[in-house]
Amino acid sequence: MWYNTSTGVAQLLGRFFMIIPIMAIAGNLARKKTVPESAGTFPVTGALFATLLVSTILIVGALTFFPALSLGPILEHLLMAAGKVF
Amino acid sequence: MSTSGQVKSKPLADKKIVVRAIVGSIAKLHPRIMVKNPVMFVVEVGALLTTMQLVLDALHHTGLFGFGLQITLWLWFTVLFANFAEAMAEGRGKAQADTLRKARAETQAHRLRADGSLDVVPSSKLRSGDVVVVSAGEFIPGDGEVIEGVASVDESAITGESAPVIRESGGDRSAVTGGTRVLSDQIRVRITSNPGETFLDRMIKLVEGASRQKTPNEIALNILLAGLTIIFLLAVITLQPFAIYSGAPQSIFVLVSLLVCLIPTTIGGLLSAIGIAGMDRMIQRNVIAMSGRAVEASGDVDVLLLDKTGTITLGNREATMFYPCPNVTESELANAAQLASLADETPEGRSIVVLAKDKYGLRGREFSHRNPIFIPFSAQTRMSGVDLDGLQIRKGAPEAILKHVAERGQQVPKETQQCVADISNGGGTPLLVAENARILGVVALTDIVKGGMRERFEHLRAMGIRTMMITGDNPLTAAAIARQAGVDDFLAEARPEDKMALIKREQAKGQLVAMTGDGTNDAPALAQADVGVAMNTGTQAAKEAGNMVDLDSNPTKLIEIVEIGKQLLITRGALTTFSVANDVAKYFAIIPAMFAGAFPQLNALNIMGLATPQSAILSAVIFNAVIIIALIPLALRGVKYRPAGAAALLRRNLLVYGLGGVVAPFVGIKLIDLLITYLHFA
């Protein structure tokens, strides 16, 4: 009962609560002035930007879950490889 | 032309500043100051928690006391190091403020009463609107405007320049600054500022960082860092239930260590130091920025408005060639041109006299017996000259002279008309010389473009900054000089209101505009521009309107200001990237260590091969603290800046600070681990 309820609440929060800050960012961006492109503008097409974006997501996003993952699936894998299954 | 040679280079640290910074970093531990920096505040709270746990452990003789003590100490060091970075940056400004304060010493002022008599009052009693008389040898008691007289003034207290400057009533050289000294003559000054609000007072506050406010960019970055901190706080807090479930609950030391290593302490600790150092770099180049916001805006500038005269070209046009009409010899023309210019005190007139002397050996000669009548230049006639025994020699703008000879029924030779057009198209200014109704020829005045300007504009273009030349010249002349100097665009026949309209137009397109100016008529445009650099020799109105003052009064410095601004923004970005990229290695150090006791298999993640769980966690915390100290010089000096486009700069800095930020801590943590294992600390 406790786990069912708490994971339910956590999922609700995780899914819908996050919308609020995202909407706030979107609103803020919409109010910004557009700046014409020049040689001083960061090019947002090409491999450089893609690398930057992907590594940011990996470091900031994925690594946040690294502690939980390492106790969960990663540990499970290592234990399984050592011949211990649950 | 380049002013980089004048940079007053200060050593990065001298003993006095360091000692003061160490004391300052302890004083800054006060929570009320710390809370302004959310990242470091979290570290301080963490350090407090571990300290309390340490005391409890000591009382109950539980836990690993040595390990807890070391973690706690290094957490406090992390906070202290960050405070030290800020105190170091401020200390450099404070040393400068002390020098300035000496110049602000109380002086006696001779205030003019309404009835014309003088009374002696201390300078601190002067109010805006008072009129004072300052004689040779006396200090000017406050900021003001010269309303009567001319004097040479020693402004070295403010500018560091020992050569005296001339200050006179009227015109653009009328502003005087409190604390400077009159060397000769006597002037009347109308005071324009109240005590405590003078230029010197503001300068002291600025270099001390007392009136420092967070800039928009800093606020945005702080929000980002606070956001990251909250995310990592949640990640660490939720880890404990996981750990308990797995049967490996963690001590407060380990959890706080993990948190402190994950939150971006490196940039959090150095952020304000970078901002202060940016202002300091301006001051070293003798530019006083009125706010950090101005320094930052200068890094984002898209368009530079540069006045032609004094910025792109050397001060004045000079006579460079004589082009005689057919049937006139060159020396005849030179002779007439020199005669017509003898009484002409303008730089152009003087350059004609000099050219005639250099080329034809014509010197000033005795002709007072010929009853000369000198005709000075006037805006109406646009001519100057001399009348000698019925000979009327005139020189002036082509239209004026053409009218002059046409009134006397003469035509201008075709060749001469062609010559005038050629000179104009080539960027020069033609002057016609006439003797009575006969045109003798043309004198070409040319602008001399300063050396190295073309390369500088190319650098700016590479950075994505457009340069625009502003001039009162006609479009033809302007186009020729623009081409010669290599600017992107120009505004010809510009009046002050045109300048203003141009700035507004660019800003409406979303561009940030920077400009320099010194005259009162520049003031509105200086206020409108995103970065307005006023010259110190300029009027009080211009200095009030701009958000920076260049004490050297060198308009070319605008380019350096932009570079400093860019460097500030790049340094901030580079260290943020470095700080976040560091997290990868710290995860690999701490996570396996946390659970190695319960699950030895997790040691597979210990890719650095750190000795023990304790040494791994301790190494990560030590690295996290030491890297702040190691990066202080970089934060104060700024990332090495090279002019290049955004993409090239980004690629380079990502490689150095992004990839470097991932790799460096792997090496650093391993080395620290080897060291503390060798020393048997853990």
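Report follows, based on the coordinates. (Residues numbered from 1 in each chain as written. Chains lettered and ligands numbered in written order. Predicted model: local features only at pLDDT ≥ 70, side-chain atom pairs only at ≥ 80, totals over all residues. Heavy atoms only, no water.)

## Topic: the overall build of chain A
Within chain A one finds 4 helices and 0 strands. Counted from the first residue to the last, chain A has its helices and strands arranged as α-α-α-α. For chain A, buried positions account for 13% of its 86 residues. Total accessible area on chain A stands at roughly 6800 Å², and carbon and sulfur atoms take up 75% of it. (Helix = DSSP H or I, 4+ residues; strand = E, 2+ residues; numbered from the N terminus. Buried < 20%, exposed > 50% of the residue type's maximum accessible area, 1.4 Å probe, protein only. Areas by Shrake-Rupley, 256 points an atom, 1.4 Å probe, with all protein chains shown as cover.)

## Some details on the pattern of salt bridges
Residues and elements named next belong to chain B. By the definition in use, this model includes 18 salt bridges over all chains. Ionic pairing is found between Arg 111 and Asp 119, a salt bridge with its closest N-O pair at 3.8 Å. Its salt-bridge partner being Asp 550, residue Lys 557 comes within 2.8 Å of it at the nearest N-O pair. Accessibility assignment for this pair places Lys 557 and Asp 550 in one class, buried. (Salt bridge = Lys/Arg side-chain N within 4 Å of Asp/Glu carboxyl O.)

## Notes on the interface of chain B and chain A
Counting from both sides, the interface comprises 35 residues of chain B and, opposite them, 26 residues of chain A. Summing both partners gives a buried area of about 2600 Å² for chain B against chain A, and 82% of it is carried by carbon and sulfur. When the buried surface of chain B facing chain A is broken down by residue, B:Tyr587, B:Gln601 and B:Leu650 rank first, second and third, together holding 19% of it. Summed over the shared surface of chain B and chain A, the number is 0 salt bridges. Applying the counting criterion to the chain B and chain A interface returns 0 residue pairs in polar contact (both at pLDDT 80 or more). Mapped onto the side of chain B that touches chain A, the elements with two or more residues apiece are helix H7 (216–245), helix H15 (453–462), helix H20 (558–581), helix H21 (583–595) and helix H23 (646–678) of chain B. Take the side of chain B that touches chain A: its biggest share by element is 7 residues, from H7(B). Residues belonging to the side of chain B that touches chain A are distributed by class as follows: 24 nonpolar, 7 polar and 4 charged. (Contact = heavy atoms within 4.5 Å. Buried area = accessible area lost by both parts, 1.4 Å probe. Polar contact = N/O pair within 3.5 Å; in protein donor to acceptor, adjacent residues only side chain to side chain. Nonpolar A, V, L, I, M, F, W, Y, C, P; charged D, E, K, R; others polar.)

## Section: the pairing of strand S18 (residues 466–470) of chain B
All names here are of chain B. For S18, the tally of buried residues reaches 4 of 5 residues, placing the bulk of the element in the interior. Direction of pairing for strand S11 (residues 303–307) relative to S18: parallel, over a ladder of 5 bridges. The residue bridging Val 303 from the neighbouring strand is Arg 466, located in S18. Note that S18 and strand S19 (residues 489–491) share 3 bridges and pair parallel. Across the sheet, residue Ile 470 finds its bridge partner in S19, namely Leu 491. In terms of handedness, the path from S18 via helix H16 (residues 475–485) over to S19 forms a crossover that is right-handed. (Pairing = 2+ DSSP bridges. Right-handed = clockwise from strand over helix to strand, strands pointing away.)

## A short note on unusual backbone geometry
Residue and element names in this part refer to chain B. Of note in this structure, Asp 185 is not a glycine but carries a positive phi near 65°. With respect to the helices and strands, Asp 185 occurs in the loop between strand S8 (181–184) and strand S9 (187–191). The class of Asp 185 is partly exposed, set by a relative accessible area of 47%. Unusually for a residue other than glycine, Asn 327 sits at a positive phi of about 70°. Take Asn 327: it is sitting in the loop between strand S12 (318–324) and helix H11 (330–341). Taking relative accessible area as the criterion, Asn 327 reaches 78% and is therefore assigned exposed.

## With respect to the packing of H21(B) against helix H22 (residues 613–637) of chain B
A pair of packed helices is captured by two measures, namely the crossing angle of their axes and the spacing between those axes. Residue and element names in this part refer to chain B. Packing of H21 against H22 brings their axes to within 8 Å, and their N-to-C directions diverge by 150°. Taken together, H21 and H22 sit at an angle that is classed as roughly antiparallel. Helix-helix and strand crossings are classified by hand; for H21 and H22 the assignment is left-handed. Seen from H21, the contacting residues are Lys 586, Ala 589, Ile 590 and Ala 593; seen from H22, they are Pro 613, Ala 616, Ile 617, Ala 620, Phe 623 and Asn 624. (Axes fitted to C-alpha atoms, helices over the stretch in contact; angles between N-to-C directions. Parallel < 35°, antiparallel > 145°, perpendicular 65-115°, else oblique. Left-handed = near helix turned anticlockwise from the far one by under 90°.)

## Some remarks on the nonpolar core
Residue and element names in this part refer to chain B. If you look at the biggest cluster of nonpolar residues, it comprises 131 residues, and the most contacted ones within it are Leu 270, Leu 304, Phe 457, Met 548, Met 594 and Phe 595. It is H22 that provides the largest number of residues to this core, a total of 14 residues. Apart from the residues lying within four places of it in its own chain, the contact partners of Leu 304 are Leu 460, Ile 465, Arg 466, Thr 467, Met 468, Ala 514, Leu 558, Ile 559 and Val 562. (Core = buried A, V, L, I, M, F, W, Y, C linked by side-chain atoms within 4.5 Å.)

## Observations concerning the sheet that holds strand S13 (residues 373–375) of chain B
Residues and elements named next belong to chain B. Taking strand neighbours across the sheet as the criterion, the 6 strands line up as S12-S17-S16-S15-S14-S13 in an open arrangement whose pairing is antiparallel. Edge positions in the sheet fall to S12 and S13, since each of these pairs with one other strand and no more. Strand-to-strand twist of the sheet, defined as the mean angle between neighbouring strand axes without regard to direction, takes the value 20°. In terms of strand pairing, S13 meets strand S14 (residues 383–388) through 3 bridges, oriented antiparallel. When the bridges of S14 are listed, Phe 374 appears paired with Val 386. Strand contacts of helix H12 (residues 347–360): S12, strand S15 (391–396), strand S16 (429–435) and strand S17 (438–446), with the helix running at about 60° to S12, the strand carrying the most contacts.

## What about the packing of H15(B) against H16(B)?
Residue and element names in this part refer to chain B. Two numbers describe how H15 lies on H16: the axes approach to 8 Å, and their chain directions differ by 80°. In terms of axis orientation, H15 runs roughly perpendicular to H16. Every residue of H16 that contacts H15 at Met 453, Arg 454 and Phe 457 is listed here: Arg 483, Gln 484 and Ala 485. Looking at side-chain class alone, the contact of H15 with H16 contains 3 nonpolar, 1 polar and 2 charged residues.

## As for the state of the cysteines
Residues and elements named next belong to chain B. Under the counting rule described, the total for this entry stands at 0 disulfides over all chains. Unpaired in terms of disulfides, Cys 419 finds its nearest cysteine sulfur in Cys 325, a separation of 8.2 Å. Judged by relative accessible area, which is 14%, Cys 419 ranks as buried. (Disulfide = S-S within 2.5 Å.)

## Description of the side chain of B:Thr177
If you trace the backbone, B:Thr177 turns up in the loop between strand S7 (175–176) and S8. Setting aside its immediate chain neighbours within four residues, B:Thr177 contacts B:Ile140, B:Gly142, B:Asp143, B:Glu155, B:Ile158, B:Phe199 and B:Lys543.

## So, the sheet that holds S8(B)
All names here are of chain B. In spatial order, the strands read S6-S5-S8; together these 3 strands make up an open sheet with antiparallel pairing. Each edge of the sheet is formed by a strand with only one pairing partner; in this case those strands are strand S6 (165–168) and S8. Strand-to-strand twist across the sheet, computed as the mean angle between neighbouring axes with direction ignored, equals 50°. Sheet analysis places strand S5 (residues 150–154) next to S8, joined by 3 bridges and oriented antiparallel. For Val 153, the partnering residue across the bridge sits in S8 and is Val 182.

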